[in-house]
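# Chain and residue survey
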Amino acid sequence: MTFFSRAATLAAMTLGITGMMGASTPGFALELDKSLKLPITLAVPQPSPTPETEATPAPAETAEPAVQTDGDIPAQAPATDYASLSDAVAAQATDAQDRDLSCMASAIYFEAKGEPLSGQLAVADVILNRTKSGRFPKSICSVVTQRGQFSFVRGGHIPTIASSHAYRTAVAVARVAMADAWDSPAPDAMYFHARRVSPGWRMVKIAAIGNHVFYR
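### Focus on the state of the cysteines
Such a bond, covalent and formed between the sulfur atoms of two cysteines, is termed a disulfide. One pass over the structure, following the stated rule, counts one disulfide. Two residues share a disulfide in this structure: Cys-103 and Cys-141, whose sulfurs sit 2.1 Å from each other. The disulfide joining Cys-103 to Cys-141 has a torsion of about 95° about its S-S bond and is therefore right-handed. Placement of the pair is Cys-103 in helix 4 (residues 99-112) and Cys-141 in helix 6 (residues 140-144), with a sequence separation of 38 residues. The exposure class of Cys-141 is buried, given its relative accessible area of 2%.

Listed below in C-alpha coordinates is the structure:
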(Lines give C-alpha, C1' and ligand atoms only; values in the text may rest on other atoms or scores of the structure.)
Protein backbone atom coordinates (compact mmCIF):
# COMPACT_ATOMS: atom_id res chain seq x y z
CA MET A 1 0.00 0.00 0.00
CA THR A 2 1.43 3.32 -1.06
CA PHE A 3 1.81 6.32 1.19
CA PHE A 4 -1.06 8.10 -0.42
CA SER A 5 -3.26 5.02 -0.11
CA ARG A 6 -2.50 4.84 3.61
CA ALA A 7 -3.17 8.51 4.06
CA ALA A 8 -6.51 8.25 2.28
CA THR A 9 -7.44 5.25 4.35
CA LEU A 10 -6.48 7.05 7.57
CA ALA A 11 -8.50 10.08 6.59
CA ALA A 12 -11.53 7.99 5.84
CA MET A 13 -11.27 6.24 9.14
CA THR A 14 -10.98 9.58 10.96
CA LEU A 15 -14.07 10.93 9.26
CA GLY A 16 -15.96 7.78 10.16
CA ILE A 17 -15.01 7.98 13.76
CA THR A 18 -15.98 11.65 13.86
CA GLY A 19 -19.37 10.85 12.29
CA MET A 20 -19.94 8.10 14.76
CA MET A 21 -19.18 10.47 17.65
CA GLY A 22 -21.55 13.12 16.27
CA ALA A 23 -24.27 10.53 15.84
CA SER A 24 -23.88 9.14 19.34
CA THR A 25 -23.91 12.54 21.10
CA PRO A 26 -26.10 14.80 18.98
CA GLY A 27 -26.60 17.35 21.75
CA PHE A 28 -23.02 17.84 22.76
CA ALA A 29 -22.17 20.40 20.11
CA LEU A 30 -25.50 22.05 20.72
CA GLU A 31 -24.78 22.23 24.41
CA LEU A 32 -21.39 23.69 23.69
CA ASP A 33 -22.97 26.17 21.35
CA LYS A 34 -25.56 27.07 23.93
CA SER A 35 -22.95 27.50 26.58
CA LEU A 36 -21.19 29.94 24.35
CA LYS A 37 -24.37 31.90 23.85
CA LEU A 38 -25.33 32.14 27.58
CA PRO A 39 -25.26 35.71 28.85
CA ILE A 40 -22.52 36.54 31.28
CA THR A 41 -23.95 37.61 34.61
CA LEU A 42 -21.80 39.83 36.74
CA ALA A 43 -22.12 39.14 40.43
CA VAL A 44 -22.79 42.53 41.92
CA PRO A 45 -21.61 42.47 45.51
CA GLN A 46 -24.54 42.94 47.82
CA PRO A 47 -24.10 45.32 50.71
CA SER A 48 -23.32 43.42 53.82
CA PRO A 49 -26.30 43.42 56.10
CA THR A 50 -25.94 46.06 58.71
CA PRO A 51 -26.61 44.95 62.23
CA GLU A 52 -29.96 46.04 63.43
CA THR A 53 -29.68 48.94 65.81
CA GLU A 54 -31.92 49.07 68.76
CA ALA A 55 -34.52 51.80 68.50
CA THR A 56 -33.88 54.47 71.03
CA PRO A 57 -36.79 54.27 73.40
CA ALA A 58 -38.95 57.38 73.39
CA PRO A 59 -38.69 59.29 76.63
CA ALA A 60 -41.38 58.25 79.01
CA GLU A 61 -44.19 60.74 79.17
CA THR A 62 -44.09 62.58 82.41
CA ALA A 63 -47.45 62.97 84.01
CA GLU A 64 -48.37 66.62 84.21
CA PRO A 65 -49.10 67.76 87.74
CA ALA A 66 -52.76 68.15 88.29
CA VAL A 67 -53.79 71.76 88.10
CA GLN A 68 -56.34 72.67 90.56
CA THR A 69 -59.15 74.66 88.98
CA ASP A 70 -61.73 76.81 90.40
CA GLY A 71 -64.11 73.85 90.11
CA ASP A 72 -61.81 71.71 92.36
CA ILE A 73 -61.92 74.22 95.16
CA PRO A 74 -64.77 73.38 97.60
CA ALA A 75 -67.24 76.25 97.85
CA GLN A 76 -67.63 77.94 101.21
CA ALA A 77 -70.67 76.94 103.13
CA PRO A 78 -73.43 79.49 102.67
CA ALA A 79 -74.32 81.67 105.62
CA THR A 80 -77.06 80.20 107.77
CA ASP A 81 -80.45 81.61 106.98
CA TYR A 82 -82.34 82.39 110.15
CA ALA A 83 -86.11 82.46 110.30
CA SER A 84 -86.08 85.55 112.51
CA LEU A 85 -83.77 87.96 114.28
CA SER A 86 -84.47 86.21 117.58
CA ASP A 87 -83.39 82.91 116.01
CA ALA A 88 -80.16 84.55 114.84
CA VAL A 89 -79.50 85.94 118.31
CA ALA A 90 -80.32 82.64 120.00
CA ALA A 91 -77.80 80.84 117.76
CA GLN A 92 -74.85 82.98 118.93
CA ALA A 93 -72.32 82.32 121.65
CA THR A 94 -72.61 84.72 124.59
CA ASP A 95 -68.96 85.09 125.63
CA ALA A 96 -67.14 88.28 124.65
CA GLN A 97 -63.43 87.50 124.65
CA ASP A 98 -62.65 89.72 121.65
CA ARG A 99 -62.01 93.38 122.54
CA ASP A 100 -64.09 94.90 119.72
CA LEU A 101 -66.90 92.46 120.45
CA SER A 102 -66.77 93.46 124.12
CA CYS A 103 -66.88 97.17 123.25
CA MET A 104 -69.83 96.62 120.89
CA ALA A 105 -71.74 94.56 123.47
CA SER A 106 -71.12 97.22 126.12
CA ALA A 107 -72.56 99.94 123.87
CA ILE A 108 -75.62 97.83 123.13
CA TYR A 109 -76.06 97.07 126.81
CA PHE A 110 -75.78 100.64 128.09
CA GLU A 111 -77.67 102.29 125.24
CA ALA A 112 -80.39 99.76 124.41
CA LYS A 113 -80.64 96.92 126.89
CA GLY A 114 -84.36 97.56 127.37
CA GLU A 115 -85.08 97.87 123.64
CA PRO A 116 -86.41 95.19 121.29
CA LEU A 117 -83.79 93.11 119.50
CA SER A 118 -84.25 95.17 116.32
CA GLY A 119 -83.50 98.35 118.32
CA GLN A 120 -80.38 96.79 119.83
CA LEU A 121 -79.22 95.68 116.38
CA ALA A 122 -79.79 99.18 115.01
CA VAL A 123 -77.51 100.65 117.69
CA ALA A 124 -74.83 98.10 116.77
CA ASP A 125 -75.18 99.01 113.09
CA VAL A 126 -74.70 102.71 113.87
CA ILE A 127 -71.32 101.86 115.40
CA LEU A 128 -70.33 99.68 112.42
CA ASN A 129 -71.40 102.34 109.93
CA ARG A 130 -69.24 104.88 111.69
CA THR A 131 -66.15 102.67 111.39
CA LYS A 132 -66.66 102.57 107.61
CA SER A 133 -67.57 106.22 107.06
CA GLY A 134 -64.14 107.85 107.12
CA ARG A 135 -65.53 110.55 109.46
CA PHE A 136 -65.09 108.51 112.65
CA PRO A 137 -62.36 106.24 114.00
CA LYS A 138 -61.89 102.93 112.16
CA SER A 139 -62.13 100.49 115.05
CA ILE A 140 -65.23 99.62 117.04
CA CYS A 141 -63.65 100.38 120.42
CA SER A 142 -62.35 103.74 119.16
CA VAL A 143 -65.84 104.68 117.93
CA VAL A 144 -67.46 103.64 121.22
CA THR A 145 -64.94 105.47 123.42
CA GLN A 146 -64.70 108.58 121.23
CA ARG A 147 -65.08 111.67 123.39
CA GLY A 148 -68.56 113.17 123.58
CA GLN A 149 -70.34 110.41 121.63
CA PHE A 150 -71.75 107.96 124.19
CA SER A 151 -72.83 109.17 127.60
CA PHE A 152 -72.00 105.93 129.43
CA VAL A 153 -68.28 106.31 128.63
CA ARG A 154 -66.32 107.90 131.47
CA GLY A 155 -62.95 109.41 130.73
CA GLY A 156 -62.53 107.25 127.66
CA HIS A 157 -63.25 104.06 129.59
CA ILE A 158 -66.21 101.69 129.55
CA PRO A 159 -67.62 100.78 132.97
CA THR A 160 -67.42 97.17 134.09
CA ILE A 161 -70.59 95.17 133.45
CA ALA A 162 -71.74 92.34 135.67
CA SER A 163 -72.76 89.15 133.91
CA SER A 164 -76.50 89.08 133.34
CA HIS A 165 -79.06 87.91 130.83
CA ALA A 166 -79.23 91.42 129.35
CA TYR A 167 -75.48 91.52 128.81
CA ARG A 168 -75.37 88.04 127.27
CA THR A 169 -78.12 89.13 124.88
CA ALA A 170 -76.09 92.22 124.02
CA VAL A 171 -73.10 90.00 123.20
CA ALA A 172 -75.25 87.81 120.93
CA VAL A 173 -76.68 90.87 119.14
CA ALA A 174 -73.16 92.23 118.69
CA ARG A 175 -72.13 88.94 117.08
CA VAL A 176 -75.07 89.08 114.69
CA ALA A 177 -74.20 92.65 113.69
CA MET A 178 -70.49 91.99 113.21
CA ALA A 179 -71.19 88.85 111.13
CA ASP A 180 -73.83 90.70 109.10
CA ALA A 181 -76.13 87.80 109.87
CA TRP A 182 -79.31 89.90 109.74
CA ASP A 183 -80.31 92.94 107.70
CA SER A 184 -80.10 96.21 109.53
CA PRO A 185 -83.48 97.66 110.58
CA ALA A 186 -81.94 101.15 110.18
CA PRO A 187 -79.70 100.95 107.09
CA ASP A 188 -76.92 103.56 106.79
CA ALA A 189 -77.84 105.16 110.13
CA MET A 190 -74.95 106.87 111.90
CA TYR A 191 -76.78 108.74 114.68
CA PHE A 192 -79.62 108.08 117.10
CA HIS A 193 -81.26 109.68 120.07
CA ALA A 194 -83.98 108.85 122.58
CA ARG A 195 -87.54 109.83 121.67
CA ARG A 196 -87.84 111.91 124.82
CA VAL A 197 -85.39 114.50 123.48
CA SER A 198 -85.60 116.75 120.43
CA PRO A 199 -82.09 117.77 119.40
CA GLY A 200 -83.32 119.43 116.20
CA TRP A 201 -80.84 117.57 114.01
CA ARG A 202 -80.94 118.50 110.34
CA MET A 203 -80.39 114.93 109.18
CA VAL A 204 -82.31 112.33 107.24
CA LYS A 205 -84.49 110.28 109.53
CA ILE A 206 -84.11 106.54 108.82
CA ALA A 207 -86.27 104.77 111.38
CA ALA A 208 -87.91 104.95 114.79
CA ILE A 209 -87.49 101.71 116.72
CA GLY A 210 -88.61 101.32 120.31
CA ASN A 211 -87.48 104.41 122.22
CA HIS A 212 -84.88 105.53 119.65
CA VAL A 213 -84.91 107.52 116.43
CA PHE A 214 -82.18 106.83 113.87
CA TYR A 215 -80.66 109.24 111.32
CA ARG A 216 -77.99 109.40 108.66
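### Considerations on the sheet that holds strand 3 (residues 212-215)
Taken together, the three strands give an open sheet; going across it, the order is 1-3-2, and neighbouring strands pair in antiparallel fashion. The open sheet has two edge strands with one neighbour each: strand 1 (191-194) and strand 2 (205-209). The average angle at which neighbouring strand axes cross in this sheet is 20°, direction not considered. The sheet contact formed by strand 1 and strand 3 spans four bridges and is antiparallel. Bridge pairing in strand 3 links His-193 to Val-213. Packing against the sheet, helix 5 (residues 117-133) makes contact with strand 1, strand 2 and strand 3, and its axis sits at approximately 30° to strand 3.

### Let's talk about the packing of helix 5 against helix 7 (residues 165-178)
Here helix 5 crosses helix 7 at 55°, and the two axes come no closer than 9 Å. By the angle class used here, helix 5 and helix 7 are oblique. In this structure, helix 5 crosses over helix 7, and the sense of that crossing is right-handed. Facing helix 5, whose interface residues are Leu-117, Gln-120, Leu-121, Ala-124, Asp-125 and Leu-128, helix 7 presents Thr-169, Ala-170, Val-173, Val-176, Ala-177 and Met-178. Class assignment for the residues of the contact of helix 5 with helix 7 results in nine nonpolar, two polar and one charged.

What counts and what doesn't
- Sequence order as written defines residue numbering, which begins from 1 separately in each chain.
- For a predicted model such as this one, the threshold for reporting local features is a pLDDT of at least 70, and the threshold for listing and counting side-chain atom pairs is 80 or more; totals across whole chains, interfaces and linings nevertheless cover every residue.
- The basis for the side-chain values is all heavy atoms of the structure; hydrogens and waters are excluded.
- By convention in this document, the label disulfide applies to cysteine sulfur atom pairs within 2.5 Å.
- Each helix is a run of DSSP H or I of at least 4 residues and each strand a run of E of at least 2, with the numbering of both proceeding from the N terminus.
- Here's how the labels work: a residue is buried when its accessible area is under 20% of the maximum for its type, exposed when over 50%, partly exposed in between, all with a 1.4 Å probe on protein chains only.
- For two strands to pair, DSSP has to find at least two bridges joining them.
- All axes here are fitted lines through C-alpha atoms, helices being fitted over the stretch that makes contact, and every angle between N-to-C directions spans 0 to 180 degrees.
- Two residues form a contact once any of their heavy atoms are found within 4.5 Å.
- To sort the angles, those under 35 degrees are grouped as roughly parallel, those over 145 as roughly antiparallel, those from 65 to 115 as roughly perpendicular, and the leftovers as oblique.
- Take the far helix as the reference: if the near one is turned anticlockwise from it by less than a right angle, the crossing is left-handed, and if turned clockwise, right-handed.
- Residues are grouped as follows: Ala, Val, Leu, Ile, Met, Phe, Trp, Tyr, Cys and Pro are nonpolar; Asp, Glu, Lys and Arg are charged; all remaining types, including Gly, are polar.

Function cannot be inferred from these measures alone, as they are strictly geometric.
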